[in-house]
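Analysis of the macromolecular model
One-letter residues, chain by chain:
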Amino acid sequence: MSGQPDLGRADLMTMLAELTAKPAAEVSDRIGSMELAWLVHLVEQRYDCRLDLTDDELAGIRTVDDALVVFRASLTASADG
């Protein structure tokens, strides 16, 4: 993988929908600890990598948009070596 990963906001909303058994359109934008753990797990599976996130990065994730920024940065760093 090179450049920006193909992970998008819609992907994360769909992943959360799987957890909550709700349509993606009904999923909250807010992320709690359980939702965050679920997203990290699924992103690691999807990209076959380990997201090496710091405590500060994890603590800063409160919304889907926050998660998207942190996950993309981590995936890009992993791809760059």
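Higher on the page you've got the structure.
A few points on the structure. The structure displayed is predicted, hence computed values, not measured ones.

1. Some thoughts on helix α2 (residues 33-47)
Look at α2: 21 Å from first C-alpha to last across 15 residues, which is about the 21 Å you get at 1.5 Å a residue. Of the positions making up α2, those classed as buried are Leu36, Leu39, Val40, Leu42, Val43 and Tyr47. Downstream of α2 by a residue or two, Asp48 has a phi angle that is positive, lying close to 50 degrees.

2. A look at the packing of helix α1 (residues 9-20) against α2
α2 packs onto α1 with a crossing angle of 120 degrees between their chain directions and a minimal axis gap of 10 Å. Seen along the crossing, α1 lies across α2 with a hand that is right-handed. Contacts from Asp11, Leu12, Met15, Leu16, Glu18 and Leu19 in α1 reach Met34, Glu35, Trp38, Leu39, Leu42, Val43 and Arg46 in α2.

3. Considering the nonpolar core
In terms of nonpolar packing, the biggest core is built from 23 residues, with Leu7, Leu12, Val43 and Phe71 touching the most fellow members. Of all the secondary structure elements, the ones that give two or more residues to this core are α1, α2 and α4 (64-80). Discounting residues that sit within four places of it in the chain, Val43 has contacts with Leu7, Leu12, Met15, Leu51, Phe71 and Leu75.

4. A short note on α1
With 12 residues, α1 extends 17 Å between its outermost C-alpha atoms, agreeing within 8% with the 16 Å of an ideal straight helix rising 1.5 Å per residue. Positioned one or two residues after α1, Ala21 has a phi angle of 60 degrees, which is positive.

5. As for the pattern of salt bridges
Applying the stated criterion across every chain, the model contains five salt bridges. The closest approach of N and O atoms between Asp29 and Arg9, which form a salt bridge, is 2.5 Å. Remark: Arg9 occurs in helix α1 and Asp29 occurs in the loop between α1 and α2; sequence separation between them is 20 residues. Residue Asp29 is classed as partly exposed on the basis of its relative accessible area of 27%. A salt bridge links Arg50 to Asp52; its shortest N-O distance comes to 3.6 Å. The same class applies to Arg50 as to Asp52, namely exposed. One continuous salt-bridge network, built from bridges that share partners, spans Asp6, Asp11 and Arg46.

Rules and cut-offs
- Residues numbered from 1 in each chain as written.
- Predicted model: local features only at pLDDT ≥ 70, side-chain atom pairs only at ≥ 80, totals over all residues.
- Heavy atoms only, no water.
- Helix = DSSP H or I, 4+ residues; strand = E, 2+ residues; numbered from the N terminus.
- Expected span 1.5 Å × (residues − 1).
- Buried < 20%, exposed > 50% of the residue type's maximum accessible area, 1.4 Å probe, protein only.
- Axes fitted to C-alpha atoms, helices over the stretch in contact; angles between N-to-C directions.
- Left-handed = near helix turned anticlockwise from the far one by under 90°.
- Contact = heavy atoms within 4.5 Å.
- Core = buried A, V, L, I, M, F, W, Y, C linked by side-chain atoms within 4.5 Å.
- Salt bridge = Lys/Arg side-chain N within 4 Å of Asp/Glu carboxyl O.

Shape descriptors only; they carry no functional weight alone.
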